[in-house]
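Chain by chain, the residues:
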Amino acid sequence: MNRSSKAAAAVLTAAGILAGGWAAAGPSSAVDGAASPPRERVLWGSVTIPPGRDGIVEASGLSGPALGFGSSLTLTAPSGAKATGVPLATAGYRGEVAADGRTAAYTATSVESPWQTGTFPFVLAVPANAVPGARLDGCVLRLADAGGVERASGGCQVTVGLPSPVLSRPESGVPLGYRPTASGTAYPGAQVTVSDQDGNEVCVDTAGADGAWSCAPGRDLPAGANRLQATATMNGVSASGEQIQISVGSSSAEASPVPAR
């Protein structure tokens, strides 16, 4: 089947970006009569990950004075999720993941001004039973100096997304009638909307308990080359599948009835 390489931007399988910038800090607390260093940087970001999948959160754009050798950037995984990887390939940092998956961290080992350039990716895994649209609480980011003193903190918003729906019919390269049946699979209970190359709605259905869905246009599609794409929506999150190339209008092609589920 000839499918285009255009995939849904709505899902993620994807990666969230954490921006670190200067922000007003609260009052410093005194420890043994000395004021603690100000916590001036605030870390924040978001990522959407479908159930049973991994996603990458990237910390980037950290500014301010360099913290030097031995400083560290730590992510605490949100409730229900686990940290599974620290895939940074840049020299000068050491990454490690706790055995229980609760935390992952990078430590500066040789770079002159750590955290000021590049991005720092953390891989998070969302459980297969997570509910699409839910937000997993408890994701924390912490930047500390070599002595373990916190210099910046924040969090990341982890939203459970949807897997991309699959559009298995009609097939590319097969002459089609003007109202071809569309069918495929999606997350159970998700509403699936099929659109043409201009973004016009072609038909809509809801995926059953087995994930199957099917629908047929209520009006004729324009003759000639076109593209179809399925988008699934549920609980405020959405995901789009790959587009398929179709050709509408053939004397031998007739509209097909919607198959019963």
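Here, every reference points to the structure presented above.
First, a word on what this report is: a plain description of the structure on this page. Only a predicted model underlies this, so the values are computations on that prediction, with no experimental measurement involved.

### With respect to the packing of aromatic side chains
Across all of its chains, the model carries five aromatic pairs by this definition. By the ring-pair criterion, three or more aromatic residues cluster together here, those being Tyr 93, Tyr 106, Trp 115, Phe 120 and Phe 122.

### Side note on unusual backbone geometry
A cis amide bond links Arg 169 with the next residue in sequence, Pro 170, at an omega value of 0°. The phi dihedral of Trp 115 falls on the positive side, at around 75°, and the residue is not glycine. Tracing the sequence through the fold places Trp 115 in the loop between β9 (103-108) and β10 (119-125). We classify Trp 115 as buried; its relative accessible area is 0%.

### Quick word on the sheet that holds strand β18 (residues 212-215)
The antiparallel open sheet is built from three strands, whose spatial order is β14-β15-β18. Each edge of the open sheet carries a strand with a single partner, namely β14 (166-169) and β18. Geometrically, the sheet is characterised by an average inter-axis angle of 30° between neighbouring strands, direction not taken into account. Sheet topology places strand β15 (residues 182-185) next to β18; four bridges connect them, and they run antiparallel. Bridged to Ser 183 within β18 is Ser 214.

### Focus on the state of the cysteines
The full count for this structure, using the stated rule, is two disulfides. Each sulfur in the disulfide pair Cys 139 and Cys 156 lies 1.8 Å from the other. On the criterion of sequence distance, the pair formed by Cys 139 in the loop between β11 (135-136) and β12 (140-144) and Cys 156 in strand β13 (residues 150-160) is long-range, its members being 17 residues apart. Each member of the pair, Cys 139 as well as Cys 156, carries the same accessibility label: buried. A sulfur-sulfur separation of 2.1 Å characterises the disulfide bridge that pairs Cys 203 with Cys 215. Looking down the S-S bond of the Cys 203 and Cys 215 bridge, the torsion is 50°, so its handedness is right-handed. Separated by 12 residues along the polypeptide, Cys 203 in strand β17 (residues 201-206) and Cys 215 in strand β18 bring together distant segments of the chain. Comparing Cys 203 with Cys 215 shows no difference in burial state: the two are buried.

Thresholds, definitions, all that
Residues numbered from 1 in each chain as written. Predicted model: local features only at pLDDT ≥ 70, side-chain atom pairs only at ≥ 80, totals over all residues. Heavy atoms only, no water. Phe/Tyr/Trp six-rings, centres within 6.5 Å; stacked < 30°, edge-to-face > 60°. Helix = DSSP H or I, 4+ residues; strand = E, 2+ residues; numbered from the N terminus. Buried < 20%, exposed > 50% of the residue type's maximum accessible area, 1.4 Å probe, protein only. Pairing = 2+ DSSP bridges. Axes fitted to C-alpha atoms, helices over the stretch in contact; angles between N-to-C directions. Disulfide = S-S within 2.5 Å.

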